[in-house]
Amino acid sequence: MDIDSSGVRDERPSRLIRRRADADVEECVRVLAEVHAGDGYPVNWPDRPGEWLSRGPLLCSWVAELEGDLVGHVSLSQGGEGDLAPLLWSERNGATRGTTAVLSRLFVAPRARGHRIGALLIGRAVEEARRRGLHPVLDVVASDAAAAALYERLGWTRMATVEQQWGPHQTVAVHCYAAPS
């Protein structure tokens, strides 16, 4: 509990968003496992979850702490193969795919929900994308209604819902979103 400049006690828990360090990956995997068990994210549990959090054309990753405990994660990367949101946004705005940044690997521990951790992580990733002159976009599995509701509350626009082939026997509906301009 903190005391603000007016002398009033601030009862809100302490929240911090910071760059993810290599030493954070193991704890991120533990939190991701909690999220997967409760919410089914990610849909397909990766063979190497630490690598899954860190691979690809990564620009930056952040973690969230609540009262000193790591409780959330988000990454920002350049669009890769299979990322439809950068393509959709670019086509609609007469821009090249390289003018977007993909927000991904967003998760918040169940015990930390209700503290605006997701919104803070998204805000930090959007801020970094804009600092780099890129427009933030993302894909989210259509069955994840809570995530879609969060993006829409934050002003993101659903550009399309598409079917993606994630394997020989798995087709998944995915919403593609763009951050507000």
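Owing to the predicted nature of the structure, the values given are computational and were not obtained by experimental measurement.

## Considering the overall build of the protein chain
And step 1. Along the protein chain, the regular secondary structure elements total five helices and nine strands.
And step 2. Listed by position from the N terminus, the elements making up the protein chain come as β-β-β-α-α-β-β-α-β-α-β-α-β-β.
And step 3. Relative to its 181 residues, the protein chain shows a buried fraction of 42%.
And step 4. Across the protein chain, every contact between residues at least 6 apart in sequence was considered, and the portion connecting residues at least 24 apart equals 63%.
And step 5. With an accessible surface of roughly 9,700 Å², the protein chain has 49% of that area assigned to carbon and sulfur atoms.
And step 6. If the 21 positive side-chain charges of the protein chain are averaged to one point and the 24 negative ones to another, these points end up 4 Å apart.

## Observations concerning the packing of aromatic side chains
And step 1. Tallied over the full model, the rule gives three aromatic pairs.
And step 2. Ring plane angle 50 degrees and centroid distance 5.9 Å describe the contact between Y151 and W156, whose orientation is recorded as tilted. Per residue, the accessibility class of Y151 equals that of W156, and both read buried.
And step 3. Put simply, the rings of Y151, W156 and Y177 touch in pairs and so form one group of aromatic residues.
And step 4. Positioned above the aromatic ring of W52 is the side chain of R105, whose terminal nitrogen or guanidinium carbon lies 3.8 Å from the ring centre.

## Regarding the state of the cysteines
Defined simply, a disulfide is a covalent bond joining two cysteines at their sulfur atoms.
And step 1. Per the counting criterion, the structure on display carries zero disulfides.
And step 2. Between C28, a free cysteine, and C60, which holds the nearest cysteine sulfur, the sulfur-to-sulfur gap is 12 Å.
And step 3. Under the relative-accessibility criterion, C28 is labelled buried at 0%.
And step 4. Judged by relative accessible area, which is 5%, C60 ranks as buried.

## Considering the confidence of the model for the protein chain
And step 1. Across the protein chain, the average pLDDT comes to 91, with 94% of residues at or above 70.
And step 2. For the stretch residues 1-6, pLDDT sits under 50, and the model shows eight contacts to residues farther than four places along the chain or on other chains.

## Some thoughts on the sheet that holds strand β8 (residues 157-167)
And step 1. Taking strand neighbours across the sheet as the criterion, the seven strands line up as β3-β4-β5-β6-β7-β9-β8 in an open arrangement whose pairing is mixed. On the outer flanks of this sheet lie β3 (15-19) and β8, each paired with one strand and no other. On average, adjacent strands in this sheet sit at an angle of 25 degrees to one another, irrespective of strand direction.
And step 2. As defined by bridge partners, β8 adjoins strand β9 (residues 170-178) across nine bridges and the pair is classed as antiparallel.

## A word on helix α4 (residues 117-131)
And step 1. Here α4 spans 21 Å end to end across 15 residues, near enough to the 21 Å set by a 1.5 Å rise per residue.
And step 2. What α4 keeps buried is the set I117, G118, A119, L121, I122, A125, V126, E128 and A129.
And step 3. Elements that come into contact with the buried residues of α4 comprise β3, β4 (58-66), β5 (69-77), β6 (100-108), β7 (135-141) and α5 (145-153).
And step 4. Where α4 ends, the next residue or the one after it, G133, has phi of about 75 degrees, a positive value.

## Focus: the nonpolar core
And step 1. Counting 40 residues, the largest nonpolar core has L103, I117, L121, I122, Y151 and W156 as the members making the most contacts within it.
And step 2. If we skip the residues at most four places from it in the chain, I117 touches R15, A64, L66, V71, V108 and A112.
And step 3. If you look at the next biggest cluster of nonpolar residues, it comprises nine residues, including V102, V137, M159 and A160.

## What to know about helix α3 (residues 84-93)
Residue pairs spaced three or four apart in an α-helix point in one direction, given the helix's 3.6 residues per turn.
And step 1. Among all positions in α3, only A85, P86, L88, W89 and S90 are buried.
And step 2. Against the buried residues of α3 lie β6, β7, β8 and β9.
And step 3. Just beyond α3, the residue with positive phi is G94, at close to 60 degrees.

Calculation criteria
- Residues numbered from 1 in each chain as written.
- Predicted model: local features only at pLDDT ≥ 70, side-chain atom pairs only at ≥ 80, totals over all residues.
- Heavy atoms only, no water.
- Helix = DSSP H or I, 4+ residues; strand = E, 2+ residues; numbered from the N terminus.
- Buried < 20%, exposed > 50% of the residue type's maximum accessible area, 1.4 Å probe, protein only.
- Contact = heavy atoms within 4.5 Å.
- Areas by Shrake-Rupley, 256 points an atom, 1.4 Å probe, with all protein chains shown as cover.
- Lys, Arg positive; Asp, Glu negative; His and termini not counted.
- Charge placed at Lys NZ, Arg CZ, Asp CG, Glu CD.
- Phe/Tyr/Trp six-rings, centres within 6.5 Å; stacked < 30°, edge-to-face > 60°.
- Lys NZ or Arg CZ within 6 Å of the ring centre and 35° of its normal.
- Disulfide = S-S within 2.5 Å.
- pLDDT = per-residue confidence, 0-100.
- Pairing = 2+ DSSP bridges.
- Axes fitted to C-alpha atoms, helices over the stretch in contact; angles between N-to-C directions.
- Expected span 1.5 Å × (residues − 1).
- Core = buried A, V, L, I, M, F, W, Y, C linked by side-chain atoms within 4.5 Å.

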